[in-house]
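Okay, here's what each chain looks like letter by letter:
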There are 2 protein chains.
Amino acid sequence: MDKDVLEYIGKINTALENNETVIIAANCEVNYYGKVESFLPSGDRIILIKSDKTLLVHQPTGVNPINYMKEGTEVKLVVDKGQVILKAKHLFLKDFLDAKIHLIHFVNTHKLEDGGKIEVVGSEADMSDMIYENPLLIEPGFKPFSREEHTKVGFIDVFGTDKKGKVVVIECKRDNADFKAVQQLHRYIHKICKSKGIKEENVRGIIASPKISSNAKVMLEELGYKHVSVNPPKYLARYDKKQKRLGEF
Amino acid sequence: MDKDVLEYIGKINTALENNETVIIAANCEVNYYGKVESFLPSGDRIILIKSDKTLLVHQPTGVNPINYMKEGTEVKLVVDKGQVILKAKHLFLKDFLDAKIHLIHFVNTHKLEDGGKIEVVGSEADMSDMIYENPLLIEPGFKPFSREEHTKVGFIDVFGTDKKGKVVVIECKRDNADFKAVQQLHRYIHKICKSKGIKEENVRGIIASPKISSNAKVMLEELGYKHVSVNPPKYLARYDKKQKRLGEF
DNA sequence: ATATAGATCTCGTCA
DNA sequence: TGACGAGGTCTATAT
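The numbering scheme is per chain: residues are counted from 1 as the chain's sequence reads. Chain A is the first chain written and ligand 1 is the first ligand written, with later ones labelled in order. pLDDT decides what is reported in this predicted model: residues at 70 or higher carry local features, side-chain atom pairs at 80 or more are listed and counted, and totals for whole chains, interfaces and linings draw on all residues regardless. Neither water nor hydrogens contribute to the side-chain values; these are computed over all heavy atoms in the structure.

Points about the sheet that holds strand S13 (residues 203-209) of chain A
Residue and element names in this part refer to chain A. Strands were regarded as paired on the criterion that DSSP finds at least two bridges between them. Secondary structure elements are defined from DSSP: runs of H or I of at least 4 residues count as helices, runs of E of at least 2 residues count as strands, and each element is numbered from the N terminus. Read across the sheet, five strands follow the order S9-S10-S11-S13-S15 without closing on themselves; strand pairing throughout is mixed. Among the strands making up the open sheet, the edge pair consists of strand S9 (143-150) and strand S15 (226-229). Geometrically, the sheet is characterised by an average inter-axis angle of 30 degrees between neighbouring strands, direction not taken into account. In this structure, strand S10 (residues 155-161) lies alongside strand S11 (residues 167-172), joined through four bridges in antiparallel fashion. Here an angle of 0 to 180 degrees is reported between the N-to-C directions of two axes, which are lines fitted to C-alpha atoms, with helices fitted over the stretch in contact.

Dropping the structure here:
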């Protein structure tokens, strides 16, 4: 066994015990046994073990890890018959991952401190807020009376009445709305009507999204619902010409 | 400007030009503008830039990156008024990410080579294969005649007839089946009947999954469909007592 | 390009 | 704990 390798092993195991973040660049093969089984032949990968004992194996391409273990995994490096193996197990989740390490390119460990919370603007929730505050984005006379309703009935984005006093249910999608969005809207309306004893003809359904797929449009119109083109809000976009009116309300 | 920092910058930019994989552990704040806008205040993070110019920003906890840029991003480190900034842009996707770097904990770069393809056992496709080859897992007399049907009709997992010659459509779920799985099954059957001019009463629907949610069960039975308990296949599980019979067919 | 669905989806939230 | 929906979902596949 190489002296360098033994030093790496010591360094990594110490860092793991101290809940440091550990990064290993290595040629390795990876076997996983848990919800599925997976087998990854040899190649160069980045192994990242976080302070919460999340483990990620990344190939040199793509956004997603090729293998991972969730928070709370027990991880250690062992030597078995001259073979360096990273052993990871999560007893509660019944997950097991072994990485046979053939060659270590580099190792780094560090105690990382991070309490930062991300703020995101432009989510579906922001869209429903925007509509709630700017009902004209839907149509004249629309009066919202609740948003982000998390009840037995469902998670209704915006709930209100139109100029004739008819109940309106709005489902927001921040991107293209597909037939699933229409099904979702239909399900909410079905549940509302059932629970409140209203006829479905007396409730209007609206999809609010930047665009809608052709199949979804057909399904929507078959159900008697309609689509309104609305873009999700962005800070910077508030100054765009098209959405300038947002600031006016 | 620190001499160390200038060395880091040079090292990183050179590595990026050579399509090496780059790892930076740094205290930084991150702004993203693209599909949404996001703002992440200061904290210690791992920044990983892959050889295909995928960029990931990981906090010290959790499986998912807190920010990312997809394959094909232009990345460089610049110094602006004494401030080190990692600038990433993806012109085609109209995505922009800036990371203001306050402190670098460590940097590592390496040329990584990996052609390894993962093999996964236990996916939904494996389940439908298993059922196709072992129809008794569904019921006596079931005769499958296609699997993984990707056609106009839909993506039907397993398609066949029962002992009375009635058409059977099976939707597989590798885990808990929810009401969406039932909707999916219903949708497929609806489309089949429409395209082939069959009455829906003459088609049977089956959800094959390890378990099913109570709501889904209710919906399933209202539609006259049924649930069959099937576990996704695993190599090792073939030797389990319960599934030993798989090998017998 | 759009449409559709799986994923070891993950993550948050609420009953 | 289960159920349910969002996600900058990502990724693969078919049309």
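Description of the relation of the copies chain A and chain B
Both copies of the chain are placed relative to one another by a rotation about an axis and a shift along it. Here the copies are matched by least squares. The fit uses the C-alpha atoms of residues with pLDDT of at least 70 in both. When chain A is brought onto chain B, the operation consists of a screw motion whose angular component is 180 degrees and whose axial shift is 0.0 Å, with 0.2 Å RMSD remaining. Classification of the inter-copy transformation places it as that of a two-fold axis. Mapped onto chain B, 100% of the interface residues of chain A are again interface residues, and the two copies thus contact each other with one and the same surface. In what follows, a contact means two residues having at least one pair of non-hydrogen atoms within 4.5 Å.

Re the protein's contact with DNA strand D
Definition of nearness: a residue and a molecule or strand are near each other if at least one heavy atom of the residue lies within 4 Å of the molecule or strand. Lining the immediate surroundings of DNA strand D are 28 residues, of which Val63 of chain A together with Tyr68, Asp95, Phe179 and Asn215 of chain B lie closest. When the atoms of DNA strand D within 4 Å of the protein are sorted by group, sugar and phosphate make up 84%. One of the side-chain nitrogen or oxygen atoms of Arg187 of chain A is found 3.4 Å away from a phosphate oxygen of DNA strand D. Pairing of N or O atoms within 3.5 Å defines a polar contact, subject to two protein rules: one partner must be a possible hydrogen donor and the other a possible acceptor, and residues neighboring in sequence count only if both atoms are side-chain atoms. Between DNA strand D and Ser214 of chain B there is a distance of 3.4 Å, counted from a phosphate oxygen to a backbone nitrogen or oxygen. The set of elements that each furnish at least two residues to the surface near DNA strand D consists of helix H3 (179-196) of chain A together with strand S4 (67-69), helix H3 (179-196) and helix H4 (214-222) of chain B. The element contributing the most residues to the surface near DNA strand D is H3 of chain A, with three residues.

Observations regarding the packing of aromatic side chains
Residue and element names in this part refer to chain A. Only rings of Phe, Tyr and Trp enter the pairing, Trp through its six-membered ring, and a pair is recorded when the two centres are within 6.5 Å. The plane angle decides the type: under 30 degrees is stacked, over 60 is edge-to-face, the rest tilted. Per the stated rule, a full pass over the model turns up four aromatic pairs over all chains. A centroid spacing of 5.3 Å and a plane angle of 65 degrees characterise the contact between Phe145 and Phe159, whose relative ring orientation is edge-to-face. A residue pair is termed long-range when its members are at least 10 positions apart, and Phe145 in strand S9 and Phe159 in strand S10 qualify at 14 residues. When a residue's accessible area, from a 1.4 Å probe over protein chains only, is under 20% of the maximum for its type it is buried; when over 50% it is exposed; and in between it is partly exposed. By relative accessible area, which is 10% here, Phe159 ends up buried.

These values are about where atoms sit, not about what they do.
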